[in-house]
Amino acid sequence: MPPPLAPLLERAVSLAVASVADGGGPFGAVVVRPAADGWETVAEGTNRVTATHDPSAHAEVVALRAAGAALGTHDLAGCVLLSSCEPCPMCRATAMWARVDAVWFAADRHDAARAGFDDLAFYDMLDLPPEQQVPPVRAAAPLGATRPFEAWAAHEARVEY
């Protein structure tokens, strides 16, 4: 059963509006998980990109980082991410790495584009071959390029993720 979407998405939207007043971007996010009496909020986040000069401080990333810290784990399986806007490619990838069970959002990438945000352009760019993307992405294989992975595979105390 999904979490109660309306109040949680309304909370994400309220966080986004408050973020604007606080000097942040117009994005908010909430991470929840099932609890004995329904759903509990694990963490919240707002967009802090310009406030902290951190291009990765999107609301979803901020909320997922806080959730991981609150739960003491990088694996957020069992949690759900709710966002005031459709997550950009970076935030979607972060949700994938976090292993959340689902992502729900209010406004979409087209709404963000109308407000002047690049999300739509980034989605379109990711459809291009890597060398045509901006910045271009190219492979180079120096001698020993796979040594870090060999070290990882041989390291008995590694923490899988």
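Quick notes on the rules
Throughout this document, residue positions are counted from 1 along each chain, in the order its sequence is written. In keeping with the model being predicted, local features are shown solely for residues with a pLDDT of at least 70 and side-chain atom pairs are shown and tallied solely at 80 or more, while totals for entire chains, interfaces and linings include all residues. With hydrogens and water stripped out, all remaining heavy atoms of the structure feed into the side-chain values. Comment: elements are numbered from the N terminus, with helices defined as DSSP H or I runs of at least four residues and strands as E runs of at least two. Any carboxyl oxygen of Asp or Glu that lies within 4 Å of a side-chain nitrogen of Lys or Arg is treated as forming a salt bridge with it. By convention a nonpolar core is built from buried Ala, Val, Leu, Ile, Met, Phe, Trp, Tyr and Cys residues, the set being connected through side-chain atoms within 4.5 Å. Whether a residue is buried, partly exposed or exposed follows from its accessible area with a 1.4 Å probe, protein chains only, as a fraction of its type maximum: under 20%, in between, or over 50%, in that order. Between two residues, a contact is recorded if the distance between any of their heavy atoms is within 4.5 Å. Grouping into patches uses exposed residues only, defined as over 30% relative accessible area, and leaves out salt-bridged ones; the cut-off is 9 Å for like charges and 5 Å for nonpolar side chains (Val, Leu, Ile, Met, Phe, Trp, Tyr). Calculation of accessible area relied on Shrake-Rupley with a 1.4 Å probe; when residues are assessed, cover is drawn exclusively from the protein chains displayed. By this definition, two strands are paired if DSSP reports at least two bridges between them. Lines are fitted to the C-alpha atoms to define the axes, a helix being fitted only along its stretch in contact, and any angle between axes, read from their N-to-C directions, falls within 0 to 180 degrees. Here a polar contact is recorded for every N or O atom pair within 3.5 Å, except that within protein the pair must consist of a potential hydrogen donor and a potential acceptor, and residues adjacent in sequence are included only if both atoms are side-chain atoms.

Here we look at the environment of M1
For M1, the position within the fold is in the segment before α1 (5–21). Remark: the alpha-carbon pair of M1 and R158, spanning 157 residues in sequence, is separated by 35 Å.

Some points on the pattern of salt bridges
Applying the stated criterion to the full structure yields 7 salt bridges. In this structure, the salt-bridge partner of R158 is E160, at a minimum N-O distance of 2.6 Å.

Considerations on the nonpolar core
In terms of nonpolar packing, the biggest core is built from 17 residues, with V31, L64, A67, L76, L81 and V100 touching the most fellow members. Among the elements of the structure, β1 (28–35), β2 (38–46), α3 (59–71), β3 (80–85) and α4 (89–98) are those that each provide at least two residues to this core. Ignoring anything within four residues of it in the chain, the contact list for L64 reads V31, L76, L81, T94, A95, A98 and V100. By size, the runner-up hydrophobic cluster in this structure holds 8 residues, among which are L8, L15, V80 and L82.

Focus on a nonpolar patch on the surface
A surface patch of nonpolar side chains, amounting to about 420 Å² of accessible area, comprises W97, W152 and Y161. Within the secondary structure, Y161 sits in the segment after α7 (147–154). With a relative accessible area of 61%, Y161 lands in the exposed category.

Section: the sheet that holds β2
Strand order across the open sheet formed by 4 strands is β2-β1-β3-β4, with mixed pairing between neighbours. Sheet topology places β2 and β4 (102–107) at the edges, where each strand pairs with a single neighbour. Strand-to-strand twist of the sheet, defined as the mean angle between neighbouring strand axes without regard to direction, takes the value 20 degrees. In the sheet, β1 pairs with β3 via 4 bridges, with the strands oriented antiparallel. Counterpart to V32 in the pairing with β3 is V80. Across the sheet, α1 lies against β1, β2, β3 and β4, angled at about 150 degrees from β1, the strand it touches most.

A short note on the side chain of S19
Note on placement: S19 falls in helix α1. By relative accessible area, which is 2% here, S19 ends up buried. Within polar-contact distance, the side chain of S19 engages the backbone oxygen of N47 at 3.3 Å. Among residues more than four places away in sequence, those in contact with S19 are G24, G25, F27, T46, N47 and R48.

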